[in-house]
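Summary of structural features
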Amino acid sequence: MTDAVVIGLGSMVGAGVFAVWTPAAEAAGSGLLIGLVIAAIVAYCNAVSSAQLAAVYPVSGGTYVYGRERLGEWWGFAAGWCFVIGKTASCAAMALTFATYVAPQTEWLQRLLALAAVVALAAVNYRGVTRTARLTRILVGCTLAVLALVLVLLYTGDSHRDVPALTDTSVYGVLQAAGLLFFAFAGYARIATMGEEVREPARTIPRAITIALVIAIGIYLFVGIGLLRVLDPAGTTAPLAEAVGAAWAEPVVRIGAALASLGALLALIAGIGRTALAMARNRDLPGWLAAVHPRFQVPHHAELALAVVVGILVLTTDLRGVIGFSSFGVLLYYAIANASAFTQPADQRRWPRALNVIGLVGCVVLAVTLPWTSAVVAAALLAVALLVRRLRKDPAGSARS
């Protein structure tokens, strides 16, 4: 239970808490906290849907499995594809965020550091979930310690201004901010994808998802309110580092942001590899990716392939582009999770269906309010994947899955 909570918390309380406030504030204006609340509500609905499904289907694969079982193989494929491409982009985002905080002025060094982080953490994850959880626990502990320092300084220092009135904003801007802030909440998916690697998964996974999300929501609310006490985060490059005020505290915050990014990257690698494993077993991805290491019991081929793809991304793309792309894919992934949970019968339900509806509608609305370039590219890749899968159908008309 503890390891599962730590991995989920390490995925949520990561680089997002240090980096997401600036683009969200630029979109929402003084409606930033409203956007945060909307993101938290959608995240909660998604979490209970995932937990309810994980209790019935405690196997690796997350919504890829849930969609196949509840809605059909095409929906499962779409969910798995959205997860893999969205979270692969998230890996690149976390690696680049780490490098940005470590070497803020030198782009070529940032890319090399990001690549080194990907290689090192892929090697750690290669040794199995126990070592992954241990290192994640250390990184989460460091992150929470830095956040505690930030909160003390935010709430004990003199505020530059009061929390702004809810003006100079728009519904569209608030919703876009909620979509951006949701990027920082989505770590509980990594818990659901590890069903074959925890004890008593039908009981452990739902509890771990709920506990990790509630803790993350509390942390984000405290940070958001404290941040607005001292500055306007719009236009800043490192809002928490600038908000603490004390010169000695800024490097501490930068170190904390770097460690948080590494924690999120480590958990992402674990989750994506296991979803790719489930898809490869069903021949929705090349069968070579279904290999499991005989000693460490990890999908080592899938994780090696992931490390190569993410390495290419950190050398060729920028942070803003991969974050927008990731958010769109993850929101579609959870939309399918909510639709899957809605179909569960009464004896499998733990929460009312209304939460599934709210989560589904919320995911779709937040996805379409994201920057249109990210949405179009992600949708195009999904369409291509669906077309390729269709073309691979055998002459009898049954899918190869």
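Please refer to the structure placed before this passage.
The present account deals with the structure reproduced in this document. (Residues numbered from 1 in each chain as written. Predicted model: local features only at pLDDT ≥ 70, side-chain atom pairs only at ≥ 80, totals over all residues. Heavy atoms only, no water.)

A closer look at the overall build of the protein chain
- Per the secondary structure count, the protein chain includes 17 helices and 0 strands.
- The contacts of the protein chain with a sequence gap of at least 6 include a subset with a gap of at least 24, amounting to 82%.
- Summed over all atoms, the accessible surface of the protein chain reaches about 15700 Å², with 67% contributed by carbon and sulfur. (Helix = DSSP H or I, 4+ residues; strand = E, 2+ residues; numbered from the N terminus. Contact = heavy atoms within 4.5 Å. Areas by Shrake-Rupley, 256 points an atom, 1.4 Å probe, with all protein chains shown as cover.)

Looking at the side chain of Asn356
- Mapped onto the fold, Asn356 is located in helix H16 (residues 353-368).
- The exposure class assigned to Asn356 is buried, which follows from its relative accessible area of 3%.
- In this structure the side chain of Asn356 is engaged in a polar contact, spanning 2.8 Å, whose partner is the side chain of Ser49. (Buried < 20%, exposed > 50% of the residue type's maximum accessible area, 1.4 Å probe, protein only. Polar contact = N/O pair within 3.5 Å; in protein donor to acceptor, adjacent residues only side chain to side chain.)

Quick look at the packing of aromatic side chains
- All chains considered together, the criterion is met by 7 aromatic pairs.
- For the pair Phe83 and Tyr333, a centre-to-centre distance of 4.8 Å together with 40 degrees between the ring planes defines the contact as tilted. Residue Phe83 is found in helix H6 (residues 73-102), and its partner Tyr333 is found in helix H15 (residues 319-342); the two are separated by 250 residues along the sequence.
- The exposure class assigned to Phe83 is buried, which follows from its relative accessible area of 1%.
- The exposure class assigned to Tyr333 is buried, which follows from its relative accessible area of 1%. (Phe/Tyr/Trp six-rings, centres within 6.5 Å; stacked < 30°, edge-to-face > 60°.)

What about the packing of H6 against helix H14 (residues 300-316)?
- In the contact formed by H6 and H14, the axes pass within 9 Å of each other and the chain directions differ by 55 degrees. When the interaxial angle is binned, H6 and H14 end up oblique. When the axes of H6 and H14 are compared, the crossing they make is right-handed. Judged by residue contacts, Thr88, Cys91, Ala92, Ala95 and Leu96 of H6 engage Leu306, Val309, Val310, Leu313 and Val314 from H14.
- Broken down by class, the residue content of the contact of H6 with H14 amounts to 9 nonpolar, 1 polar and no charged. (Axes fitted to C-alpha atoms, helices over the stretch in contact; angles between N-to-C directions. Parallel < 35°, antiparallel > 145°, perpendicular 65-115°, else oblique. Left-handed = near helix turned anticlockwise from the far one by under 90°. Nonpolar A, V, L, I, M, F, W, Y, C, P; charged D, E, K, R; others polar.)

Things to note about the side chain of Ser49
- Within the secondary structure layout, Ser49 lies in helix H4 (residues 32-56).
- Other than its neighbours up to four places away in sequence, Ser49 contacts Ala337, Asn338, Ala341 and Asn356.

Side note on the pattern of salt bridges
- Scanning all chains against the criterion turns up 3 salt bridges.
- The residue Arg389 makes a salt bridge to Glu73 at a minimum N-O spacing of 3.7 Å. In this pair, Arg389 is assigned in helix H17 (residues 372-391) and Glu73 in helix H6, connecting sequence segments 316 residues apart.
- The class of Arg389 is buried, set by a relative accessible area of 4%.
- The salt bridge involving Glu250 is made with Arg254; its shortest N-O contact spans 3.4 Å. Highlighted residues: Glu250 and Arg254, both in helix H13 (residues 249-281), separated by 4 residues, approximately one helical turn.
- Exposure remark for Glu250: the relative accessible area of 30% places this residue in the partly exposed category. (Salt bridge = Lys/Arg side-chain N within 4 Å of Asp/Glu carboxyl O.)

A short note on the nonpolar core
- Core analysis: the biggest nonpolar cluster contains 130 residues, and Phe18, Trp21, Phe182, Phe185 and Leu265 have the highest contact counts within it.
- Element by element, the count of residues in this core is highest for H6, at 17 residues.
- If near-sequence neighbours (up to four positions away) are discounted, Leu265 is found in contact with Cys91, Met94, Ala95, Ala117, Val118 and Leu121. (Core = buried A, V, L, I, M, F, W, Y, C linked by side-chain atoms within 4.5 Å.)

Details of the environment of Val119
- Locating Val119 in the fold gives a position in helix H7 (residues 107-126).
- For the pair formed by Val119 and Val308, sequence separation is 189 residues and the distance between their alpha carbons is 8.6 Å.

Structural notes on the packing of H6 against H17
- Two numbers describe how H6 lies on H17: the axes approach to 10 Å, and their chain directions differ by 135 degrees. Our classification of the angle between H6 and H17 gives oblique. Our pair here, H6 against H17, has a crossing hand that is right-handed. In this structure, H6 contributes Glu73, Trp74, Phe77, Ala78, Trp81, Cys82 and Ile85 to the contact, and H17 contributes Ala378, Leu381, Leu382, Ala385, Leu386, Arg389 and Arg390.

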